[in-house]
Amino acid sequence: MERNEGVRFVSSSIKIPQPPTRSAPLPFFLLSSFPFACQSLSFHLDRAKEAVNNFLTSLPQRWPLPPIAMARTEGEPNPRRHGREDEERVLISEVLIRNKDGETLERADLEAFAAGALKSCRPNSALTVREVQEDVHRIIQTGLFSLCTPVAFDTRDGIRLEFQVEPNQEFRGLICEGANVLPSKFMEDAFRDGYGKIVNIRHLDQVIKSINGWYQDRGLTGLVSYAEILSGGIIRLEISEAEVNNIIIRFLDRKTGEPTNGKTKQDTILQQLTTKKGQVYSRLQGKRDVETILTMGIMEDVTIIPQPAADPHKVDLVMNLVERPSGGFSAGGGISSGITSGPLSGLIGSFAYSHRNVFGRNQKLNLSLERGQIDSIFRINYTDPWIQGDNKRTSRMIMIQNSRTPGTLVHGNNQFDHGGLTIGRITAGVEYSQPFRPKWSGTAGLIYQRAGARDDHGEPIIRDFYNSPLTASGNAYDEMLIAKLESVYTDSGDRSSSMFVANMEQGLPLFPEWLCFNRISSRARQGFELGPVRFMLSVSGGHVFGNFSPHEAFAIGGTNNVRGYEEGAVGSGRSYAVGSGEISCGMYGPLEGVLFADYGSDLGSGPTVPGDPAGARGKPGSGCGYGVGIRVDSPLGPLRLEYAFNDKKARRFHFGVGYRN
């Protein structure tokens, strides 16, 4: 049959008086799925049972027992008994389907449906009341009839049994109340094919179950709480959706579990929630909100408990929070990848103080000091993960840093180098970050930097051992104001996912001696799995336009670049390109083995760096490496131990923490 494409069903807010027999609605949080067909069929079956009882009561009074029952001989089975001893049988000569007035049904197909449902009641059969009742139930259970009454007539040919039925109305329209989030197209598609047809209660039950399933599949708290067929063939549905009435924040003591006063501002918590007042409560959305609060890093435990509200169709959400200690001191150690000589020169120690919930607004303050034999970093970071009053989740970070790092990345890797060249930087800036599309985020910032070279004694120097300049301005230090833009795409946190980062830094020459340059760079990674084996491909590249400090050139070679070479030993250039491929496979527990190959090049741009530090040190400008390694998952990230060969037949161990850039 063709679909009724021209039919539309529109949800209406018209309030229809409820039947006087309907009880008051239950509180919504106690409601469960009430299949409409089960209610309706039960109602109709009760009516049918009453009709059968009337049939049973009137039968002995109106008709004498048939002669066949009196003519049985001794020892013969009693045809009037079946199953239980008290069930009498009556001989029926004719069985008919009629309407409630005893007339032939207007629609032959409905008569055929009713007749086809009969199992026991056949002409010239001896029936019990139970068998008649069962056939009445079968007619009702077709879903096409609202009433079925058995009536017996004494005729010249014997007793005629009529099933007087009342068909359901033809479906002519739909009124749907309370469906605030259920799409109207879903309702249209569910009911369109039934327009103009007799309402089938069993089919209606399936439609209602599909509506309830739509809510359940999406984690929404909603269901069809009431349904009825009005005069004129109008189906009226009431849908109860649990609207969030209020969100109550309650802090619990981390030791006793009793309510206590929290340090975190309630509006800071509410700002993180996607569940809002007036929305239909979603269990899936609530679960994501719990995970979001936990990722703030200031809570030990978070639970959401729905509670009944004064309005039975609404729900209050109680969020129980257990706060973590706000701040503390920590100490640790690590390895600097920029150190290439000396057995202990790469070791660094660190000391830090952090406060993760400044002013009770989830703002982070970190003060850290890292100190090694050569390098040191003192850093102050103040981060607001979500600026108050902003509806786009904009974060702000203010940073001040004083660092001294080895200059060997660009001005090292030659056995004739003398002295311990270091690069001192004073940096201060502010950055704003914001997610602007799914899986995309952007960062904009303004950073001031003052950088220059120092010798072993901490004295500023402007030229290295090869008389190459160490600054772009010719002064003891270079100053610059950098406008930064960065865009990041991440498919997911999994290593087999894709990632893309594009970065641009523009030097703003507010003063004549300040550097003016444009530095662009990007990197991409794509991973995929084939059975237990993971494949990872990554590329990166960049270029610098204008006047820049030599130590800011792109350094190629090392643990996070081209393995098999020391840090920066391949070259340093105004441009660069690096590609890498890895194949990894799990070995035992958190341990996995890796095969890798890397290639990097300065694209012939080494001589364009001021002073050509790579050429003076005989760096090749391009190189490749390959090797094997093992990785072990840890709370700090994967611990990487790799053994690599380069194209100069040199071999080298590399140790790193975390994923490669």
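Residues numbered from 1 in each chain as written. Predicted model: local features only at pLDDT ≥ 70, side-chain atom pairs only at ≥ 80, totals over all residues. Heavy atoms only, no water.

**Here we look at the overall build of the protein**
Inference 1: The helix and strand tally for the protein stands at 10 helices and 30 strands.
Inference 2: Among the 661 residues that make up the protein, the fraction classed as buried is 44%.
Inference 3: Taking as baseline every contact in the protein between residues at least 6 positions apart, the subset at least 24 positions apart corresponds to 60%.
Inference 4: Surface summary for the protein: the accessible area is close to 34400 Å², and the carbon and sulfur share equals 55%. (Helix = DSSP H or I, 4+ residues; strand = E, 2+ residues; numbered from the N terminus. Buried < 20%, exposed > 50% of the residue type's maximum accessible area, 1.4 Å probe, protein only. Contact = heavy atoms within 4.5 Å. Areas by Shrake-Rupley, 256 points an atom, 1.4 Å probe, with all protein chains shown as cover.)

**Things to note about the sheet that holds strand β2 (residues 125-128)**
Inference 1: If you walk across this open sheet you meet the four strands as β2-β1-β4-β3, and the pairing is mixed. Edge positions in the sheet fall to β2 and β3 (145-155), since each of these pairs with one other strand and no more. Here the strands of the sheet are splayed against their neighbours by 45° on average, with no regard to which way each runs.
Inference 2: Sheet topology places β3 next to strand β4 (residues 158-167); 10 bridges connect them, and they run antiparallel. Paired with L147 across the bridge in β4 is E166.
Inference 3: The sheet strands contacting helix α3 (residues 108-117) are β1 (89-99), β3 and β4, and the helix crosses β1 at an angle near 155°.
Inference 4: Contacting β1, β2, β3 and β4, helix α4 (residues 129-140) runs over the sheet at an angle of about 145° to β3. (Pairing = 2+ DSSP bridges. Axes fitted to C-alpha atoms, helices over the stretch in contact; angles between N-to-C directions.)

**Points about the side chain of H654**
Inference 1: Turning to its location among the elements, H654 is positioned in strand β30 (residues 651-657).
Inference 2: For H654, a relative accessible area of 2% puts it in the buried group.
Inference 3: Polar contacts involving the side chain of H654 include one to the side chain of T559, which spans 3.1 Å. (Polar contact = N/O pair within 3.5 Å; in protein donor to acceptor, adjacent residues only side chain to side chain.)

**Description of the nonpolar core**
Soluble, globular proteins show a tendency: their nonpolar side chains are buried together.
Inference 1: Core analysis: the largest hydrophobic core is formed by 24 residues, its most contacted members being I139 and F163.
Inference 2: For this core, the secondary structure elements donating two or more residues are β1, α3, α4, β3 and β4.
Inference 3: Counting residues in hydrophobic clusters, the runner-up holds 22 residues, among them F171, L204, V207 and W214. (Core = buried A, V, L, I, M, F, W, Y, C linked by side-chain atoms within 4.5 Å.)

**Thoughts on the packing of aromatic side chains**
Inference 1: What the rule picks out here adds up to 16 aromatic pairs.
Inference 2: When the centroid spacing of 5.2 Å and the interplanar angle of 15° are considered together, the rings of F528 and F535 count as stacked.
Inference 3: What makes F528 partly exposed here is its relative accessible area of 41%.
Inference 4: What makes F535 partly exposed here is its relative accessible area of 22%.
Inference 5: Seen in terms of ring centroids, Y643 and F645 are 5.3 Å apart; in terms of plane orientation they differ by 80°. Their pairing is edge-to-face.
Inference 6: Its relative accessible area of 25% is what places Y643 among the partly exposed residues.
Inference 7: The exposure class of F645 is partly exposed, given its relative accessible area of 29%.
Inference 8: Aromatic rings pair up to connect Y626, Y643, F645 and F653 into one cluster.
Inference 9: When the ring centre of Y195 is taken as origin, the NZ or CZ atom of R172, which lies over that ring, is 5.7 Å away.
Inference 10: Over the aromatic face of F596 sits the side chain of R563, whose NZ or CZ is 3.9 Å from the ring centroid. (Phe/Tyr/Trp six-rings, centres within 6.5 Å; stacked < 30°, edge-to-face > 60°. Lys NZ or Arg CZ within 6 Å of the ring centre and 35° of its normal.)

**Describing α3**
Inference 1: Looking only at α3, the buried set comprises L110, A114 and A117. The buried residues of α3 occupy an angular sector of 60° when projected down its axis, which confines them to one face. Opposite the buried face of α3, by more than 90 degrees, sit the exposed residues A108 and G116.
Inference 2: If you follow the buried residues of α3, they end up packed against β1, α4, β3 and β4. (Arc of directions from axis to C-beta.)

**Some words on unusual backbone geometry**
Inference 1: With a phi angle near 55°, L603 is a residue other than glycine that sits in the positive phi range.
Inference 2: Inspection of the secondary structure puts L603 in the loop between β27 (591-601) and α10 (613-616).
Inference 3: Here L603 falls in the exposed class, since its relative accessible area comes to 56%.
Inference 4: Although it is not a glycine, K649 sits at a positive phi angle of roughly 65°.
Inference 5: Relative to the helices and strands, K649 resides in the loop between β29 (639-646) and β30.

**Some points on the confidence of the model for the protein**
Inference 1: For the protein, the average pLDDT comes to 84, and 83% of its residues sit at 70 or higher.
Inference 2: Segment residues 1-41: pLDDT under 50, and 71 contacts once partners within four positions in sequence are set aside and those in other chains are kept.
Inference 3: A low-confidence stretch, residues 60-85 stays under pLDDT 50, and its non-local contacts, those more than four residues away or across chains, total 26 contacts. (pLDDT = per-residue confidence, 0-100.)

**Comments concerning the pattern of salt bridges**
Inference 1: Throughout the structure, instances matching the rule amount to 31 salt bridges.
Inference 2: E642 is paired through a salt bridge with R631; the nearest N and O atoms lie 3.9 Å apart. Highlighted residues: E642 in strand β29 and R631 in strand β28 (residues 622-632), separated in sequence by 11 residues.
Inference 3: Residue E642 is classed as buried on the basis of its relative accessible area of 1%.
Inference 4: R631 sits in the buried class, given a relative accessible area of 7%.
Inference 5: In the salt-bridge network here, residues are joined through shared partners; they are R563, E582, D598, R631, R640 and E642. (Salt bridge = Lys/Arg side-chain N within 4 Å of Asp/Glu carboxyl O.)

**A few points about the sheet that holds strand β6 (residues 222-230)**
Inference 1: Strand order in this open sheet of three strands is β5-β7-β6, and the pairing throughout is mixed. Each edge of the open sheet carries a strand with a single partner, namely β5 (173-177) and β6. On average, each strand axis in the sheet is tilted by 20° relative to the strand beside it, whichever way the strands run.
Inference 2: The pairing of β5 with strand β7 (residues 234-241) spans five bridges and is classified as parallel.

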